[in-house]
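Each chain is listed here by its residues.
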Amino acid sequence: AESKAETMQHFETLKKAHDALFEEHQALQEQMDDAVELLKFMKEDKVGNEEYIEELKAQVEELESRLEGSVVSATIEGLTKDKMELQNSLKQCKEEIEDLQTEL
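Conventions we followed
Residues numbered from 1 in each chain as written. Predicted model: local features only at pLDDT ≥ 70, side-chain atom pairs only at ≥ 80, totals over all residues. Heavy atoms only, no water. Helix = DSSP H or I, 4+ residues; strand = E, 2+ residues; numbered from the N terminus. Rg over C-alpha atoms; globule rule 2.2 N^0.38 Å. Buried < 20%, exposed > 50% of the residue type's maximum accessible area, 1.4 Å probe, protein only. Areas by Shrake-Rupley, 256 points an atom, 1.4 Å probe, with all protein chains shown as cover. Lys, Arg positive; Asp, Glu negative; His and termini not counted. Charge placed at Lys NZ, Arg CZ, Asp CG, Glu CD. Patch = residues over 30% accessible without salt bridge, like charges linked within 9 Å, V, L, I, M, F, W, Y side chains within 5 Å. Salt bridge = Lys/Arg side-chain N within 4 Å of Asp/Glu carboxyl O.

Participant: Sorry if this is basic, but what is going on with the overall build of the protein here?
Facilitator: When helices and strands are counted, the protein shows one helix and zero strands. For the protein, whose C-alpha radius of gyration is 44 Å, the value lies well above the compact-globule estimate of 13 Å for 104 residues. Along the first, second and third principal axes, the C-alpha set of the protein runs to 150 × 10 × 10 Å. Burial analysis of the protein (104 residues in total) assigns 0% to the buried set. Accessible surface, the protein: about 10000 Å² in total, of which carbon and sulfur atoms supply 59%. With 12 positive and 28 negative side-chain charges, the protein shows a separation of 3 Å between the mean positions of the two kinds.

Okay, structure coming up:
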């Protein structure tokens, strides 16, 4: 009878250990599942961020090219204005010369 009682006690001890280990296994499995979900979310977030970075880079390139273009445009406008002013000055000088020659 003592041997049977010891065996039952040993069995109960093993069952408790098994139940504790199984509970721990389930908790770890849940943590692993949560980690997998978090990893999926982080990967999606990373892809989204990478796409956004590419969009921003494209915008920067477009703005830089527009800026370069506007600098060229501004330079052309400035030179055109200078040319017009020089042409007007030249025209006035020629008219003054003609007027002076007429007076002579």
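Participant: How should a negative patch on the surface be read in this particular structure?
Facilitator: A cluster of acidic residues, Glu95, Glu96, Glu98, Asp99 and Glu103, forms a negative patch on the protein surface. Mapped onto the fold, Glu103 is located in helix α1 (residues 2-103). The class for Glu103 is exposed, based on a relative accessible area of 66%.

Participant: Could you clarify how one ought to interpret the pattern of salt bridges in this entry?
Facilitator: Where charged atoms from two side chains of opposite charge approach closely, those side chains can pair. Applying the stated criterion across every chain, the model contains four salt bridges. Here Glu50 ties to Lys46 by a salt bridge, and the two come within 3.8 Å at their closest N and O atoms. Of the two residues, Glu50 and Lys46 are both situated in helix α1; the distance of four residues between them amounts to about one turn of the helix. With a relative accessible area of 39%, Glu50 lands in the partly exposed category. Classification of Lys46 as exposed rests on a relative accessible area of 51%. The closest approach of N and O atoms between Lys57 and Glu54, which form a salt bridge, is 3.9 Å.

Participant: Explanation requested: a nonpolar patch on the surface in the structure shown.
Facilitator: Taken together, the side chains of Leu38, Phe41 and Met42 present a nonpolar region at the surface, about 330 Å² in accessible area. In this structure, Met42 sits in helix α1.

Participant: When you look at the environment of Ala27 in this model, what are you seeing that I'm missing?
Facilitator: With respect to the helices, strands and loops of the structure, Ala27 is situated in helix α1. In this structure Ala27 comes out as partly exposed when scored by relative accessible area, which is 36%. Each C-alpha atom, one on Ala27 and one on Leu104, is 113 Å from the other, the two residues being 77 residues apart in sequence.

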